[in-house]
Structure formats: C-alpha cells, structure tokens
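# Tertiary structure, described
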Amino acid sequence: MNAHDLRLRLLAVGAFVVGWPAVVNAAPTVYPRGVTIHDGDAAYPTDVMFSAADGNSYLIDMDGKVLKTWPHKGEPAKIVDPALIGGRKGVVGFPLDLVDSDAIPGLDGVGLVPGQATKKVDKTFGLVTWDGKVLWQWSGPASVGAALQHHDWDRLPNGNMLILSYVMRDNKAFSTGKIVDDMLYEVDQDGKVVWSWSATDHLREFGFTADQLKLVHASTSPDYLHVNAAVALGPNHWEKAGDKRFAADNIIFSSRNANLIAIISRETGHVVWRMGPNLPPQAQGRTAAKLPRPVDQTSGQHDVHMIPDGLPGAGNLLVFDNEGEAGYPPVPRPLLGGSRILEIDPVADTVVWQYVGSMSDRPNWTFFSPFISSAQRLPNGNTLID
C-alpha cells in the first residue's frame, strides 16, 4: 500500500506497540521500544500513522523507520481517503492552532482524559497537503470562536467535514450549573455549518433509568458524557438489505462516561440504534470465550466504528472496550480483567470475535488501557490494535 493512500483510524496518542514480549504471570519490568516483532509472512504490509505525546504526528513503516513527521498532534491524525478529496493523495487532518483554554471564555472543566482539565484547546482544525500547505481550515461557529474539535472527525462523501466538538452551556438541571455539551457539526467547503447536533438535546433517548438520570444530573464533572468517537457508518449490507437504521450517512458515536454506543439518524437527529448503557454483566471463564455470545457490559469504550465494505467482517462494529471506570453508577469490573477488542453484529447484538490478553498467552490484565486506544480491521483479516 502506498503511504499516500493510507487511511487510518488510530485515535490513541503515545507510543505505538507493534509487538509485546512474553510475560509469565507477572507485570513486565522492561518495556522495549521500537519494533519488537515483525512476522513478514503474517503481518499486513502497510505504513502506520499515529500521534505522539511530543506534539507531533508520524508515519512509520513496518520496520519502525519514520517516513514523515508533521508538527501537529492529531485527534486523531488521519490521511484522507483520496476518493473523498478528488483523488488527491497525502492530505492529512489535525488541529492547526492550539491555544490556552483560558483564551476561550468558559472552558473550565473540559478534558481529553476524564477528570483532568485540558490546558490547550483546538482553535483551528484543518486539512494539510503532503508538503504542508493548508488546504482547508475551520475555526468553529462565530458564536464560539474556536473549532474545539476533539477525539474524532470524518470526511464525508459529499466533500463536507463532520467535526466532533463541544460548547459550554449553562444548565440548571445539572449540579455543576454548567455542562460540556458534545456537538456534531457538518461543515461545508466554505466553512458554513450546514447541520448540527447536540448530545444534551437527546439525553432522554440514551437509555438511562430515572435513577440513573438523577446521577447524571448530579455529576461533579461538566463533561458528563465525554463523547470520544463519531463517524458516519458508510455503505454497508444492512442498509442494502433495507434496514434504514444503518443508512450510510447515519452517525455512530461513543460516550465514554455513559458506557453508551448509539447511532443517530442524519435525517432526524434521533437515536435509531443503541448499545448500553445497561448491559448484562460481563461474561467470565468459558462463557467469555464462547462465540458468538450476547453482548455484555462495556465500560469506558473508545473508537467505535462500522467495519467498512470490502474488509473482513464488513458491517460489524469494532470497538476498543477499555474496561475503565465509567457509568452512572460506575459498573462493576473484573478484579483481574483487562481491556477487550469486540467485534459485534449490530443486528443480532452478539459478539462474533474478540481479543483479550489470554489469547496471546498472557494474563488478561496485562492487556489494559483505561482510556484512549483504538482497533482497526486490516485487509488480510488481522486487526491493528493501539
């Protein structure tokens, strides 16, 4: 695959792990860097793009060689599919202009990591050519004065951009008096918002019980939902078979703090499919290994998306189930559990494939990321996990 053609959905920041050393029922004390395993006969040959904690985004090859560096930290950094941008290759999207949150009035309480206030926010989001020229940029609605893009964005087939953002709102129904309202904007090439959606406007569609809604309103964090993924479903066999819940332009999103995944109608804005927040207790032992099985409780999940047409598992959902603390109230988690990658049939509501630490001959708790992280299906049927 040509590096310019690569389209990745990596959401995580930090070091990208390509392999993992063997562990014998104990936490590792040495953490190797760089490529630790490369089985050329089994691994899909591709370049990998990721954003790092040093504020840069990188493209590396399978041997760990840095092919390209951008002086921007993506949320996430992705190379746009050339088919969605007039055949142009190597166009990348990320925040262009980070400013102190104090420079934008009223942004206290916003954080990429739950419970931690963000010091820098995205004033301007943009698309940049391979040689660094700004192709398109957006600095948010005039009423806000900043893009405030976070966690996810998507290039739509009509050439518009789907931006996951937020606004601070006064809301007396919440104990904080002020909330982070997660917003979706569709923005055209002239920077005009042609469609928008507010999560708080649809709060009663998310499946909370009356008692849970009381806990939601009593949350001490203004960022009470913490939406961390939002993308269009894309063409899929469910829609072709007549199930309009899965229309290609409908949007799937994930609320980390609510243990909620939902699909909203692009036409009406209403929730048309939902998983969570209340699911059966997580399966254990042999039951957990049996597939397919009913979907069980996720907690603090990230990077939900529908596997695109043309890839193994197309039409199923792929999600990094962090098993971090989340929920109203926080859901119980296995004492020695870990994170999971779940592939879910969204019509049968069943887990059809999963990855847990024990599948690599390690204790499950050695594969654990309480926040961020992602998973992506590759053309050869493997799954890239971050």
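The rules behind the values
Residues numbered from 1 in each chain as written. Predicted model: local features only at pLDDT ≥ 70, side-chain atom pairs only at ≥ 80, totals over all residues. Heavy atoms only, no water. Buried < 20%, exposed > 50% of the residue type's maximum accessible area, 1.4 Å probe, protein only. Helix = DSSP H or I, 4+ residues; strand = E, 2+ residues; numbered from the N terminus. Arc of directions from axis to C-beta. Pairing = 2+ DSSP bridges. Axes fitted to C-alpha atoms, helices over the stretch in contact; angles between N-to-C directions. Core = buried A, V, L, I, M, F, W, Y, C linked by side-chain atoms within 4.5 Å. Contact = heavy atoms within 4.5 Å. pLDDT = per-residue confidence, 0-100. Salt bridge = Lys/Arg side-chain N within 4 Å of Asp/Glu carboxyl O. Patch = residues over 30% accessible without salt bridge, like charges linked within 9 Å, V, L, I, M, F, W, Y side chains within 5 Å. Areas by Shrake-Rupley, 256 points an atom, 1.4 Å probe, with all protein chains shown as cover.

Along helix 1 (residues 210-217), the residues classified as buried are Q212, L213 and V216. Along helix 1, the residues classed as buried sweep out an arc of 100° about the axis, all on the same side. Summarising the geometry of helix 1, the exposed residues directed more than 90 degrees from the buried face are A210, D211 and K214.

Take the sheet that holds strand 1 (residues 48-51) next. Spatially, 1-2-3 is the arrangement adopted by the three strands of the open sheet, whose pairing is antiparallel. Lying at the two open borders of the sheet, with one neighbouring strand each, are strand 1 and strand 3 (66-70). On average, adjacent strands in this sheet sit at an angle of 20° to one another, irrespective of strand direction. Judged from the four bridges that link them, strand 2 (residues 57-60) and strand 3 form a sheet pairing that is antiparallel. In the strand pairing of strand 3, I60 is matched with V66.

This brings us to the nonpolar core. In this structure, L184, F206 and F253 are the most contacted members of the largest nonpolar core, which totals 27 residues. Elements represented by at least two residues in this core include exactly strand 9 (161-170), strand 10 (178-187), strand 11 (193-198), helix 1, strand 12 (227-232), strand 13 (251-255) and strand 14 (260-264). Those residues in contact with L184 that lie beyond four places of it in its chain are L162, I163, L164, W195, S196, W197, A230, I251 and I264.

Our focus in this paragraph is the confidence of the model for the protein chain. Residues of the protein chain with pLDDT of at least 70 account for 89%, and the chain-wide mean is 89. Counting interchain partners and residues more than four positions distant, the pLDDT-below-50 stretch residues 1-24 has 90 contacts.

On to the pattern of salt bridges. For the structure shown, the criterion picks out ten salt bridges. A salt bridge links K78 to D152; the nearest nitrogen and oxygen atoms lie 3.8 Å apart. In this pair, K78 is assigned in strand 4 (residues 78-79) and D152 in the loop between strand 7 (134-138) and strand 8 (153-155), connecting sequence segments 74 residues apart. Each of the two residues, K78 as well as D152, counts as buried. Among the charged side chains, a network of salt bridges with common partners joins R293, D296, D321, E323 and R340.

As a general feature of sheets, a regular strand has side chains that alternate between the two faces. Here strand 1 shows a buried face lined by V48 and F50 and a second buried face lined by M49 and S51. Summarising the sheet, strand 1 and strand 2 pair through four bridges and their orientation is antiparallel. Across the sheet, the residue bridging to F50 is Y58, located in strand 2. The hairpin formed by strand 1 and strand 2 contains five residues between the paired strands, and G55 there has a positive phi angle of roughly 90°.

Next up on the list: a nonpolar patch on the surface. A contiguous nonpolar patch, built from L335, L336 and W365 and spanning about 370 Å² of accessible area, is present on the exposed surface. Within the fold, L335 resides in the loop between strand 18 (317-321) and strand 19 (340-345). A relative accessible area of 83% places L335 in the exposed class.

We now examine unusual backbone geometry. The amide bond that connects G276 to the next residue, P277, takes the cis arrangement and shows omega of 5°. One can find P277 in the loop between strand 15 (271-275) and helix 3 (285-289). The residue after L291, namely P292, is reached through a cis peptide bond having omega -5°. Of note, P292 is situated in the loop between helix 3 and strand 16 (293-294). One non-glycine residue with positive phi stands out, namely H226, at about 55°. The phi dihedral of D361 is positive, around 60°, even though this residue is not glycine. Within the element layout of this structure, D361 appears in the loop between strand 20 (350-355) and strand 21 (375-377). Look at D361 and you get exposed, because its relative accessible area is 69%.

Here we take up the sheet that holds strand 9. Within the open sheet, the four strands sit side by side as 8-9-10-11. Their pairing is antiparallel. On the outer flanks of this sheet lie strand 8 and strand 11, each paired with one strand and no other. Averaged over all pairs of adjacent strands, the angle between their axes in this sheet comes to 30°, without regard to strand direction.

With respect to the helices and strands, S369 occurs in the loop between strand 20 and strand 21. Residue class for S369 comes out buried when judged on its relative accessible area of 18%. Among residues more than four places away in sequence, those in contact with S369 are F320, N322 and S339.

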